[in-house]
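# Chain and residue survey
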Amino acid sequence: IPVESPSNEDPEAENPVSRFRKYLSINTAHPNPDYSVAVSFLRSLAESLPLHTRVFEFVPNKPVLLLIWEGSDPSLPSVLLNSHMDSVPAEPSKWTFDPFSAVRTSDGKIFARGAQDDKCIGIQYIEAIRNLWKKGFTPLRTLIVSYVPDEEIGGLDGVTKFVASKEFEELNVGFMLDEGQASTTDEFRVFYSDRTPWDLIIKAQGAPGHGSKMYDNSAMENLIKSMEIISKFRETQFDKVKAGVAVYSEVISVNPVYMKAGTPSPSGFVMNLQPSEAEAGFNIRLPPTAEPHALKMRIADEWAPTIRNMSYQIIEKGPFRDFMGRPLMTSTDDSNPWWSTFKEAIEATGGRLAKPEILASTTDSRYFRQKGIPALGFSPMTNTPILLHEHNEFLEDTVFLRGIEVYESIIHSLCSHLEDPHGKQEQ
Ligand SMILES: CSCC[C@H](NC=O)C(=O)O
Ligand SMILES: [Zn+2]
Ligand SMILES: [Zn+2]
């Protein structure tokens, strides 16, 4: 494998790629994201543009930044483009280049934590605005670009506070775009829903005993039985994917993420004692079509039954239904004029959209859908390996630049009169 060398482009040059690399070099990875530096940098980009900025600190040191391009008819519902400022951690020793140096190799790959997830869109939004403004475009409806903290850890101090605020109500958001995922083909991917995460912790209790003794109902035995039953369920879901009757994100996933048991000793664990407690944690993801009640019954009856001295805790990470009790799905047919306009705007750039999907993981868009706001997940990356949360995350500069053009078209269309499939004039 040829070793890529960092390119020797002028480091002082100011252009969309250099601004992207500068944003990437601000370390906003957990557990200590530097949000204040990111906010100052993004504000500085907005200064030369017809944008006014607002910063909210609903929680101290967890800023929400808004860049607002006022529409000529502010009475119309606005369009919101969201991205998160934080990233998951990176292990520098396992990367070819430092994850916060944003090295650009001679073949145009920009390596950095956040290159795909999701600092690309954060800069593309601003660059698209810059280009539209230079071309003399003025939006009819107001455009809001939001930068939120803590998406990667659930958004409780970020987007949840933002959408619950009176300031958010006043923005009168009619439609929003949030991050999506890279596509390995020529087609852009778009997401109309996310799976909802649940954390499941199951605990087993039992009488302790000598390491040599065979007896029923030890904590370990009870936990292992649950693990086997959960594994079987996992297989039924995975089998549907393997058989091609469902795509990956349409089934319930359940994956073990930790196990905790044993009696510690100075040299490791006490080996001749069967412990009285054992615990395991699972990451569960429910597609919007799942029956949460049925899964809860299954957990209570089969995965952690009291008859086997088990107990459990489910932590639901965000909403499963909207405020009207409907599944958190945005419609992707002509009944939704935002969808038609979005799709046509992409096609106008020569791009093609893949069949809309459910996202296997989750994003902040669930909190907007919960409020009844139509929301799509979209990150314009084609012919790109999916590297979010992985080592050596990168994005090619040509893909990044093409994304700016796509957003220009999207903003242009969404912030003008909507295509109305029923031929009615917008009120
Ligand atoms: C508990 S909310 C966590 C949100 C996170 N989002 C991206 O990876 C995810 O795990 O999907
Ligand atoms: Zn993300
Ligand atoms: Zn992420």
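Along each chain, numbering runs from 1 in the same order as the chain's sequence is written. Lettering for chains starts from A, numbering for ligands starts from 1, and both go in the order in which the items are written. Local features are withheld for residues below a pLDDT of 70 in this predicted model, meaning they are given only at 70 or higher, and side-chain atom pairs are given and counted only at 80 or more; totals for whole chains, interfaces and linings count all residues. Side-chain numbers come from the whole structure's heavy atoms, not from hydrogens or water.

## Thoughts on the site of ligand 1
In these notes, residues near a molecule or strand are those with any non-hydrogen atom within 4 Å of it. Taken together, E151, E152, G154, R285, K317, S361, T362, R366 and H389 make up the full set of residues adjacent to ligand 1. Take E152: an N or O atom from its side chain is 3.2 Å from an oxygen atom of ligand 1. In this structure, a nitrogen atom belonging to ligand 1 sits 3.0 Å away from a main-chain N or O atom of T362. Each accessible area value is a Shrake-Rupley result obtained with a 1.4 Å probe; residue values ignore everything except the protein chains displayed when judging cover. Taken by itself ligand 1 offers 330 Å² of open surface, and the protein chains cover 85% of this. Pairs of N or O atoms are called polar contacts if they sit within 3.5 Å, as long as, within protein, a hydrogen donor faces a hydrogen acceptor (for residues adjacent in sequence, only side-chain-to-side-chain pairs).

## Considerations on the environment of W303
In this structure, W303 sits in helix α7 (residues 292-303). Sequence separation of W303 and N222 is 81 residues, and the distance between their C-alpha atoms is 9.9 Å. W303 has contacts with L200, I202, S226, I229, I230, F233, V254, I284, L295, R298 and M310, leaving out every residue within four places of it along the chain. Only DSSP runs of H or I with at least four residues qualify as helices, and only runs of E with at least two residues qualify as strands; both kinds are numbered from the N terminus onward. Here, residues are in contact when the closest pair of their heavy atoms is within 4.5 Å.

## A short note on the side chain of R113
The residue R113 is located in the loop between β5 (109-111) and α3 (119-134) in this model. For every residue, the accessible area (1.4 Å probe, protein chains only) is compared with the maximum for its type, and the residue is labelled buried under 20%, exposed over 50%, or partly exposed between those bounds. When its relative accessible area of 3% is taken as the criterion, R113 is described as buried.

## Points about the coordination of the zinc ion (ligand 3)
Reference values for coordination geometry: four tetrahedral donors around a metal ideally subtend 109.5 degrees, six octahedral donors ideally subtend 90 or 180 degrees. Here the coordinating atoms are restricted to nitrogen, oxygen and sulfur within 2.8 Å of the metal centre, or 3.2 Å for Na, K and Ca, and because water is not among them the sites may look incomplete. The zinc ion (ligand 3) binds to the protein through D117 (OD), E152 (OE), E152 (OE) and H389 (NE2), with metal-donor distances spanning 2.0 to 2.6 Å. Between 85 and 135 degrees for all angles marks four donors as tetrahedral; over 155 degrees for opposite donors together with 65 to 115 for all other angles marks four donors as square planar and six as octahedral; every other arrangement is irregular. Of note is the zinc ion (ligand 3), whose four donor atoms meet at the metal with angles of 55 to 149 degrees in an arrangement that counts as irregular. In terms of primary sequence, the donors binding the zinc ion (ligand 3) are separated according to D-x34-E-x236-H. Distance-wise, the zinc ion (ligand 2) is placed 3.4 Å from the zinc ion (ligand 3), both being coordinated by D117. Of this pair, E152 sits in the loop between β6 (143-148) and α4 (159-163) while H389 sits in the loop between β18 (375-377) and β19 (394-396); the two residues are 237 residues apart in sequence, bridging distant segments of the chain.

## Digging into the coordination of the zinc ion (ligand 2)
In the first shell of the zinc ion (ligand 2), the protein supplies H84 (NE2), D117 (OD), E179 (OE) and E179 (OE), at 1.9 to 2.5 Å from the metal. Around the zinc ion (ligand 2), the four donor atoms are arranged such that angles at the metal cover 57 to 153 degrees; this shape is classified as irregular. The sequence motif formed by the donor residues of the zinc ion (ligand 2) is H-x32-D-x61-E. Given a relative accessible area of 5%, D117 falls into the buried group.

## So, helix α8 (residues 337-347)
Here α8 has its buried residues at W338, W339, S340, T341, F342, A345 and I346. Packing partners of the buried residues in α8 comprise β3 (78-84), β7 (173-178), β18 and α10 (397-414).

## Focus on the sheet that holds strand β9 (residues 196-205)
The pairing criterion for strands is at least two bridges between them, as found by DSSP. Pairing within the open sheet is antiparallel, and its four strands lie in the order β11-β15-β9-β16. The two strands at the open ends of the sheet, each matched to only one other strand, are β11 (253-261) and β16 (310-316). Averaged over all pairs of adjacent strands, the angle between their axes in this sheet comes to 20 degrees, without regard to strand direction. Of the pairings in the sheet, the one linking β11 to strand β15 (residues 277-286) comprises eight bridges and is antiparallel in character. Residue pairing across strands places N255 opposite N283, the latter belonging to β15. Fitted lines through C-alpha atoms give the axes, limited to the stretch in contact for helices. The angle between two N-to-C directions lies from 0 to 180 degrees.

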